[in-house]
Amino acid sequence: MTVSGRPFIPVAKPLVGEEEKRAVLEVLESGQLAQGSRTAAFEEAFAAYLGVKHAIAVNSGTAALIVALQAHGVGPGDEVITTPFSFIASATSIIACGAKPVFVDIDPFDLNLDPEKAEAAITPDTKAIMPVHLFGHPARIDEFTALCEENGLALVEDACQAHGAEHLGRRVGSYGTGCFSFYPTKNMTTGEGGIITTNDDETAARCRIIRNHGQERRYLHEHFGLNWRMTDLAAAIGTVQLGHLEEWNEIRISNAEALAGLIRTAETPRVREGDRHVFHQFTIRVSHGRDRLQQALEEAGIGSAVHYPVPIHRQPIMQHLGHGDFSLPFAEAAAEAVLSLPVHPSLNPEDVEYIAATINRLAGVPA
Ligand SMILES: *Cc1c(COP(=O)(O)O)cnc(C)c1O
């Protein structure tokens, strides 16, 4: 309980019930704990959900990005164009392959990678483009698809926050090679986990080999790979969670619509026409006093989070790339202004009203 007498509203809350417990127990009792038939069943269900031919389950979203990049041959000497405004793994996965992330600025409309700026950054060393469907809103995926086709580049979609997001009725992660995370805060979880999605038979085959120590035949290693496998314990949870994903996404969307309708003192998320935003995060932008607002919300019993306070090109780990002085103004401005509010399916209508009323009381008023 908080000073307001209300239970604290966390910014994220995984939903796990009896079905998941039963599923895990069944796996434990079966004796097949590592990757096996339940992982295969989960892959089949996820591929069907997304509308793609193949899904390859791995042990994190980060693993999905690394394996997908390696399956497209990304390695030393290659450049991958990506966004500076994302979780760090979007860029460190590129570095893990020995390649160089090239950051270009975002589209201020939706805070996603700007395809026109990506096009201008293509060089003979560019091997892939990695847009991120940040917060659950599709990046301008038609334009990225065309750009990659015209230039012979791989399209790796970081859909780690966008399970079920759509552009013109087609799910993201089905345009290029899709990468999803099942970390507990995401729209569905397996504890830790990830999955790669593709319609391309060869990409899928390469992902499967890289996931399992680079072997096509046991103990014969013709390729480089590591252990990126998902456990059947995680897959059993994932199959149950996937069965709830659409219901949960719909609740997120209606919570977001209610919040956007009620909040008057901050900029609420924009959704491009033709897109389905699945609101992994409901991220407002405030023109000033963001950190003070976050503190005041905490005191009022409302959790919030800053995704993300430091753009990736400004991270200490990226300075060796020589980005020191160059500016990506839209990403830098976003990092100062954004604040994610609770939007998860555990909120009740009173929570939603309380969150909006508290924002209206606290935000947008200069000190
Ligand atoms: C969560 C996330 C990842 C990494 O996923 P993990 O499962 O935590 O490894 C990568 N990119 C984005 C945009 C994410 O939100």
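Residues numbered from 1 in each chain as written. Predicted model: local features only at pLDDT ≥ 70, side-chain atom pairs only at ≥ 80, totals over all residues. Heavy atoms only, no water.

**Focus: the packing of aromatic side chains**
At step 1: What the rule picks out here adds up to eight aromatic pairs.
At step 2: An angle of 80° between the planes, with centres 6.5 Å apart, marks the rings of Phe85 and Tyr308 as edge-to-face. With Phe85 in the loop between β2 (79–82) and α4 (89–96) and Tyr308 in the loop between α9 (290–299) and α10 (329–337), the pair connects residues that are 223 residues apart, well separated along the chain. The two residues Phe85 and Tyr308 agree in class, both being buried.
At step 3: Here Phe279 and Phe282 contribute two aromatic rings whose centre-to-centre distance is 6.0 Å and whose plane-to-plane angle is 35°, an arrangement assigned as tilted. (Phe/Tyr/Trp six-rings, centres within 6.5 Å; stacked < 30°, edge-to-face > 60°. Helix = DSSP H or I, 4+ residues; strand = E, 2+ residues; numbered from the N terminus. Buried < 20%, exposed > 50% of the residue type's maximum accessible area, 1.4 Å probe, protein only.)

**With respect to the domain arrangement of the chain**
At step 1: In terms of domains, the chain is made up of domain 1 (18–239) and domain 2 (245–362).
At step 2: Centre-to-centre separation of domain 1 and domain 2, based on C-alpha positions: 24 Å.
At step 3: Interface of domain 1 and domain 2: buried area, both sides summed, is about 3400 Å²; carbon and sulfur atoms make up 64% of it.
At step 4: If you sort the residues of domain 1 by the area they bury against domain 2, Phe109, Phe135 and Asn187 come out on top, with a joint share of 21%.
At step 5: Counting every contact that joins domain 1 to domain 2 gives four salt bridges.
At step 6: Ionic pairing is found between Arg276 and Glu166, a salt bridge with its closest N-O pair at 3.9 Å.
At step 7: Taken together, the connections running from domain 1 to domain 2 amount to 23 residue pairs in polar contact (both at pLDDT 80 or more). (Domains from an automatic or database assignment. Buried area = accessible area lost by both parts, 1.4 Å probe. Salt bridge = Lys/Arg side-chain N within 4 Å of Asp/Glu carboxyl O. Polar contact = N/O pair within 3.5 Å; in protein donor to acceptor, adjacent residues only side chain to side chain.)

**Some points on the sheet that holds strand β3 (residues 100–103)**
At step 1: Pairing is mixed in the open sheet, where seven strands are placed in the order β1-β11-β10-β7-β6-β2-β3. Of all strands in the sheet, those with a lone pairing partner are β1 (54–58) and β3, marking the two edges. Across the sheet, the axes of successive neighbouring strands diverge by a mean angle of 25°, strand direction being ignored.
At step 2: The pairing of strand β10 (residues 177–181) with strand β11 (residues 194–198) spans four bridges and is classified as antiparallel. Each residue of the ladder has a partner; that of Phe180, found in β11, is Ile195.
At step 3: Packing of helix α3 (residues 61–71) onto the sheet brings it into contact with β1, β2, β6 (126–130), β7 (154–158), β10 and β11, and relative to β10 it is tilted by some 160°. (Pairing = 2+ DSSP bridges. Axes fitted to C-alpha atoms, helices over the stretch in contact; angles between N-to-C directions. Contact = heavy atoms within 4.5 Å.)

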